[in-house]
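# Inside the fold
Below are the chains, spelled out letter by letter.
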Amino acid sequence: MKSLVIIPTYNERENVEAITSAVLQSTDATTHVLVVDDNSPDGTGEIVQRLMTDQPRLHLLARPGKQGLGRAYIAAFKWGLERGYETLVEMDADFSHRPEDLVKLLAHATQDQADFVVGSRYVPGGRTVNWGIIRKIISRGGSLYARLILGYPLADWTGGFNAWNRRVLEGIELETVRSEGYSFQIELKYRGKKRGFRGVEVPIVFEDRRVGLSKMSSRIVLEAFIRVWGMRFTR
């Protein structure tokens, strides 16, 4: 069964070679990597193109400009579905998502008969590393807020380290998803649960990025808090 690990990038030249190499080394030949680059001015896409000449399991989806995390993932999901991948994984480029935890997600996705697998910071065995108190409050508070409003007992709604069976992505009407950032992760999980798909949470260790700047902003957080109510009252 073929799997695709999707890594969105924007100005990640300091990380992209190391993270793609680590993912490819920790997985077998049935797992490929797709970097989705939004025309990074630092040359991230060019680095991936160079790496592809020696690595047939590495692919690049180059987009014309920065259009947001949600749009990047939807484009990548469609790319993977068209090419027959059965499991599609969301993963950050900055090593906040560890390759060793990726192996656990893939194992559960293929062996546990789950429709989707959430890499969870907030179930027993999961944790965060090098986070300040404000970030912890925002993340935990966002997941609690989503759980109370949306009504499904997931512990980590906002996390972006998730594995999806193709049947879920084909069944949740990707073309109608409009969220970005935190709310994009919440909306995908909510649509999956609402349509009766089975999700399981697997503990992960979430580390703060090694190098580069975080893409998180107050706008992304605010969007999540507002859009959760819109999800609750739409089909």
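That block above? That's the structure.
Let me sum up the structure you'll find in this document. This structure is a prediction, so every number in the text was calculated from the model and none was measured.

### Quick word on the overall build of the chain
Secondary structure summary: the chain contains eight helices and nine strands in total. Scaling as 2.2 N^0.38, a compact globule of 235 residues should have a C-alpha radius of gyration of about 18 Å, and the chain matches this with 16 Å. Overall size of the chain, expressed as C-alpha extent along the three principal axes, is 50 × 35 × 35 Å. Taken over 235 residues, the chain has a buried fraction of 55%. Counting only contacts in the chain whose residues sit at least 6 apart along the sequence, the fraction spanning at least 24 positions is 80%. By element, 54% of the accessible surface of the chain is carried by carbon and sulfur atoms, the whole surface being about 10,500 Å². On the chain, the mean spot of the 33 positive side-chain charges and the mean spot of the 28 negative ones are 6 Å from each other.

### Notes on the side chain of His 59
Relative to the elements of secondary structure, His 59 occurs in strand E3 (residues 58-62). Residue classification places His 59 among the buried positions, given a relative accessible area of 17%.

### Observations concerning the sheet that holds strand E2 (residues 31-37)
Strand order in the open sheet formed by seven strands is E3-E2-E1-E4-E7-E5-E8, with mixed pairing between adjacent strands. Edge positions in the open sheet fall to E3 and strand E8 (199-203), since each of these has one partner strand only. Each adjacent strand pair in this sheet contributes to an overall mean axis angle of 20°, direction not counted. The sheet contact formed by strand E5 (residues 116-120) and strand E7 (residues 162-165) spans three bridges and is antiparallel.

### Describing the pairing of strand E1 (residues 3-9)
The element E1 is extensively covered by neighbouring structure, given that seven of its seven residues are classed as buried. By the alternation rule, side chains of E1 split into Ser 3, Val 5, Ile 7 and Thr 9 and Leu 4, Ile 6 and Pro 8, which are all buried. Across seven bridges, the pairing between E1 and E2 is parallel. Paired with Ile 6 across the strands is Leu 34, a residue of E2. Since E1 and E2 lie parallel, the crossover through helix H1 (residues 16-26) that links them has a hand, and here it is right-handed. The sheet contact formed by E1 and strand E4 (residues 87-90) spans four bridges and is parallel. Paired with Ile 6 across the strands is Glu 90, a residue of E4.

### Structural notes on the environment of Asp 42
Locating Asp 42 in the fold gives a position in the loop between E2 and helix H2 (44-52). Note: C-alpha distance between Asp 42 and Ile 149 (107 residues apart in sequence) is 40 Å. A polar contact is formed between the side chain of Asp 42 and the backbone nitrogen of Glu 12, at a distance of 3.3 Å.

### Some details on the pairing of E3
Counting buried positions along E3 gives four out of five residues, so the element sits mostly inside the fold. Judged from the five bridges that link them, E2 and E3 form a sheet pairing that is parallel. Across the sheet, Asp 37 pairs through a bridge with Ala 62, a residue of E3. You can see the chain leave E2, run along H2 and come back into E3, and the turn it takes is right-handed.

### Digging into the side chain of Asp 38
Inspection of the secondary structure assignment puts Asp 38 in the loop between E2 and H2. The exposure class of Asp 38 is buried, given its relative accessible area of 6%. A polar contact of 2.7 Å, which involves the side chain of Asp 38, links it to the side chain of Arg 63. Among the polar contacts listed, one links the side chain of Asp 38 to the backbone nitrogen of Gln 67, at a separation of 3.2 Å.

### Let's talk about the packing of aromatic side chains
The tally for this structure, following the rule as stated, stands at six aromatic pairs. Taken together, Tyr 73, Phe 77 and Phe 184 form an aromatic cluster joined through their ring pairs. The cationic tip of Lys 2 hangs over the ring face of Tyr 85; the distance from NZ or CZ to the ring centre is 4.4 Å. Over the ring of Phe 206 we find Arg 121; its NZ or CZ atom is 5.4 Å from the centre of that ring.

The rules behind the values
Residues numbered from 1 in each chain as written. Predicted model: local features only at pLDDT ≥ 70, side-chain atom pairs only at ≥ 80, totals over all residues. Heavy atoms only, no water. Helix = DSSP H or I, 4+ residues; strand = E, 2+ residues; numbered from the N terminus. Rg over C-alpha atoms; globule rule 2.2 N^0.38 Å. Buried < 20%, exposed > 50% of the residue type's maximum accessible area, 1.4 Å probe, protein only. Contact = heavy atoms within 4.5 Å. Areas by Shrake-Rupley, 256 points an atom, 1.4 Å probe, with all protein chains shown as cover. Lys, Arg positive; Asp, Glu negative; His and termini not counted. Charge placed at Lys NZ, Arg CZ, Asp CG, Glu CD. Pairing = 2+ DSSP bridges. Axes fitted to C-alpha atoms, helices over the stretch in contact; angles between N-to-C directions. Right-handed = clockwise from strand over helix to strand, strands pointing away. Polar contact = N/O pair within 3.5 Å; in protein donor to acceptor, adjacent residues only side chain to side chain. Phe/Tyr/Trp six-rings, centres within 6.5 Å; stacked < 30°, edge-to-face > 60°. Lys NZ or Arg CZ within 6 Å of the ring centre and 35° of its normal.

Keep in mind these numbers describe shape, not what the thing actually does.
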